[in-house]
Amino acid sequence: MLSPLPASVLIDPRTGEMTGRTRRYEKRYSDLGGLFLDEAAFVATAREQGDEIAYQVDEFRPSDRPGDLIFGTSTLYPGQIGDEFIFTRGHIHAVGDRPEIYLCQSGHGVMLMELADGSTRAEEMRPNSLVYVGPHWIHRSVNVGDTPLVTLFCYPADAGQDYDIIARAGGMRDLIVVDGAGGWKQVPNPNYRPRAAIPGAD
Ligand SMILES: O=P(O)(O)OC[C@H]1O[C@](O)(CO)[C@@H](O)[C@@H]1O
Ligand SMILES: [Fe+2]
């Protein structure tokens, strides 16, 4: 099998636009149902802004083969649903031991991470902060600022994504919410069900 050719792309750190990408996909507010604690606030937002893009991903995917790397940018627009800051769906890699790095290009965010046993870490992201998401960590980006949060990501090409691990636990263990003083805080999610208590949980 032929190896992918070397490649280079150009990234706009403010918008996340990656010239030379192999794919772009967009998630609209209407795609994010069931993810936020305040369902009434979500329904109201989706009614008004359902067609608006919540985040978009530009990626460069040379192949899906082990040993290769997928990289790209994610641009998460600012917003709140009730007290919660807007976030990406979040996932664990389908091949669970595959890690990922995120390098913040612009904006202000939090990388919220969680292990299947409920251990949690939240790492703040500012331009040039780099977050290493170790193997087996569920991860979700949260925009806690008022400008787009642009991150550059890179992960093994055979990693894949499992989105269901969050849904099965009623969400992530913690929420990132407004603190009432212009910042953010991390609070427990009242809907979270520890995975050990879920029949068949990993
Ligand atoms: O895949 P999600 O959880 O919707 O979030 C998108 C982000 O995660 C990635 O899938 C990378 O793991 C990127 O495409 C992007 O940073
Ligand atoms: Fe990932």
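Bear in mind the structure is a predicted one, so any value in this text is a computation, not a measurement. (Residues numbered from 1 in each chain as written. Chains lettered and ligands numbered in written order. Predicted model: local features only at pLDDT ≥ 70, side-chain atom pairs only at ≥ 80, totals over all residues. Heavy atoms only, no water.)

1. Quick notes on the environment of Cys154
Line of reasoning, step 1. Mapped onto the elements of the fold, Cys154 is located in strand S13 (residues 149–156).
Line of reasoning, step 2. A C-alpha to C-alpha distance of 9.4 Å links Cys154 and Glu59, two positions 95 residues apart in sequence.
Line of reasoning, step 3. Look past the residues within four positions of Cys154 in its chain and what remains in contact with it is Leu69, Ile70, Phe71, Glu100 and Ile101. (Helix = DSSP H or I, 4+ residues; strand = E, 2+ residues; numbered from the N terminus. Contact = heavy atoms within 4.5 Å.)

2. Some points on empty space enclosed by the protein
Line of reasoning, step 1. For the structure shown, the criterion picks out one cavity of 30 Å³ or more.
Line of reasoning, step 2. Of the pockets and cavities examined, the largest cavity occupies roughly 50 Å³.
Line of reasoning, step 3. Lining the largest cavity, in full, are Glu84, Phe85, Phe87, Leu112, Arg140, Val142, Asp174, Leu175 and Ile176.
Line of reasoning, step 4. Counting only elements with at least two residues in the lining of the largest cavity, the list comes to strand S7 (84–85), strand S12 (138–143) and strand S14 (174–178).
Line of reasoning, step 5. The greatest single-element share of the lining of the largest cavity, amounting to three residues, is contributed by S14. (1 Å grid on protein atoms, 1.4 Å probe; cavity = no way out; pocket = protein on both sides within 12 Å on 5 of 7 lines; lining within 4 Å. Points joined across faces, edges and corners; volume = space filled by probe spheres on them.)

3. Re the layout of surface pockets
Line of reasoning, step 1. What the largest pocket holds in volume is close to 320 Å³.
Line of reasoning, step 2. At the level of secondary structure, the elements contributing two or more residues to the lining of the largest pocket comprise strand S3 (23–28), strand S4 (53–60), strand S8 (100–106), S12 and S13.
Line of reasoning, step 3. Considering only residue class, the lining of the largest pocket consists of seven nonpolar, eight polar and seven charged.
Line of reasoning, step 4. Along its surface, the second largest pocket is lined by 18 residues, and Gly34, Leu35, Arg140, Ile166 and Gly171 are the ones closest to its centre.
Line of reasoning, step 5. Residues that form the lining of the second largest pocket fall into these classes: nine nonpolar, six polar and three charged. (Nonpolar A, V, L, I, M, F, W, Y, C, P; charged D, E, K, R; others polar.)

4. Quick look at the sheet that holds strand S9 (residues 109–114)
Line of reasoning, step 1. Spatially, the three strands line up as an open sheet ordered S10-S9-S12, and their pairing is antiparallel. Of all the strands in the sheet, the pair left with one neighbour each is strand S10 (120–125) and S12. Pairs of neighbouring strands in the sheet enclose a mean axial angle of 20°, with direction left out of account.
Line of reasoning, step 2. Bridge count for S9 against S10 is six bridges, and the pairing is antiparallel. Across the sheet, residue Leu112 finds its bridge partner in S10, namely Ala122. (Pairing = 2+ DSSP bridges. Axes fitted to C-alpha atoms, helices over the stretch in contact; angles between N-to-C directions.)

5. Brief notes about the side chain of Thr45
Line of reasoning, step 1. On the secondary structure map, Thr45 appears in helix H1 (residues 39–49).
Line of reasoning, step 2. A distance of 2.9 Å separates a polar side-chain atom of Thr45 from the backbone oxygen of Ala41. (Polar contact = N/O pair within 3.5 Å; in protein donor to acceptor, adjacent residues only side chain to side chain.)

6. Regarding the sheet that holds strand S11 (residues 130–133)
Line of reasoning, step 1. As summarised here, the arrangement of the six strands in space is S3-S4-S5-S13-S8-S11, forming an open sheet in which the pairing is antiparallel. Looking along the sheet, the strands with just one partner apiece sit at the ends: S3 and S11. Between one strand axis and the next, the sheet turns by 20° as a mean value, whatever way the strands run.
Line of reasoning, step 2. Pairing of S8 with S11, which is carried by four bridges, proceeds in the antiparallel orientation. Bridging across to S11, Leu103 finds its partner in Leu130.

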